[in-house]
Amino acid sequence: MNLDKAKKRIVKQVKKGFHGYPLVSLEYFGKEPALATQVVISFTGEESEEPQKQTFLSGDDAREDETIQSALVKIIERADAKTVTEIDGTSALDG
């Protein structure tokens with residue numbers, strides 16, 4: 001899947017808002033706001049469940065990595081997520 005298509009599909013899911021569980025959440029991390037070198041995707045099947053997390057690392061910006069963005073779309077689809085959220089901006093990496 002090409003990068004623009006993957007990013008548009010993720011944005012479309014996020015814009016739908018909360019529609020229950022399963023819920024998938026995306027959070028980008030980096031040492032500086034303009035460069036997110038890591039993305040953590042969390043899956044929560046039910047409200048009382050602990051989320052399952054998977055981390056993807058990139059040498060460049062993970063938001064512009066076609067492989068990572070395509071993988072995120074596939075995870076969202078396979079999870080049959082009713083809700084997709086994304087933390088705005090880039091969270092700081094420790095260290």
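Residues numbered from 1 in each chain as written. Predicted model: local features only at pLDDT ≥ 70, side-chain atom pairs only at ≥ 80, totals over all residues. Heavy atoms only, no water.

Draft legend 1. Representation of the nonpolar core. Core analysis: the biggest nonpolar cluster contains 17 residues, and Val39 and Leu72 have the highest contact counts within it. Elements represented by at least two residues in this core include exactly helix H1 (3-15), strand E1 (23-30), strand E2 (38-44) and helix H2 (66-79). In terms of residue count, the dominant contributor to this core is H2 (five residues). Ignoring anything within four residues of it in the chain, the contact list for Val39 reads Glu27, Tyr28, Gln54, Thr55, Phe56, Ala62, Ile68 and Leu72. (Core = buried A, V, L, I, M, F, W, Y, C linked by side-chain atoms within 4.5 Å. Buried < 20%, exposed > 50% of the residue type's maximum accessible area, 1.4 Å probe, protein only. Helix = DSSP H or I, 4+ residues; strand = E, 2+ residues; numbered from the N terminus. Contact = heavy atoms within 4.5 Å.)

Draft legend 2. Seen up close, H2. In this model H2 runs 20 Å from its N-terminal to its C-terminal C-alpha over 14 residues, within 8% of the 20 Å that 1.5 Å per residue would give. Along H2, the residues classified as buried are Ile68, Gln69, Ser70, Leu72, Val73, Ile76 and Ala79. Packed against the buried residues of H2 are H1, E1, E2, strand E3 (52-57) and strand E4 (83-92). The residue sitting at the N-terminus of H2 and contributing the capping side-chain oxygen is Asp65; that oxygen lies 3.0 Å from the backbone nitrogen of Thr67. Backbone geometry just downstream of H2 places Asp80 in the positive-phi region, at approximately 50°. (Expected span 1.5 Å × (residues − 1). Polar contact = N/O pair within 3.5 Å; in protein donor to acceptor, adjacent residues only side chain to side chain.)

Draft legend 3. Examining the sheet that holds E4 more closely. One open sheet accounts for four strands, arranged E3-E2-E1-E4; its pairing is mixed. If you trace the sheet from one side to the other, it starts and ends with E3 and E4, each paired once. Sheet twist, expressed as the mean angle between neighbouring strand axes with direction ignored, is 15°. Direction of pairing for E1 relative to E4: parallel, over a ladder of seven bridges. Across the sheet, the residue bridging to Phe29 is Ser91, located in E4. Along the sheet, H1 makes contact with E1 and E4, crossing E4 at roughly 110°. H2 contacts E1, E2, E3 and E4 of the sheet and is inclined by roughly 165° relative to E3. (Pairing = 2+ DSSP bridges. Axes fitted to C-alpha atoms, helices over the stretch in contact; angles between N-to-C directions.)

What is shown is where atoms sit, not what they do.
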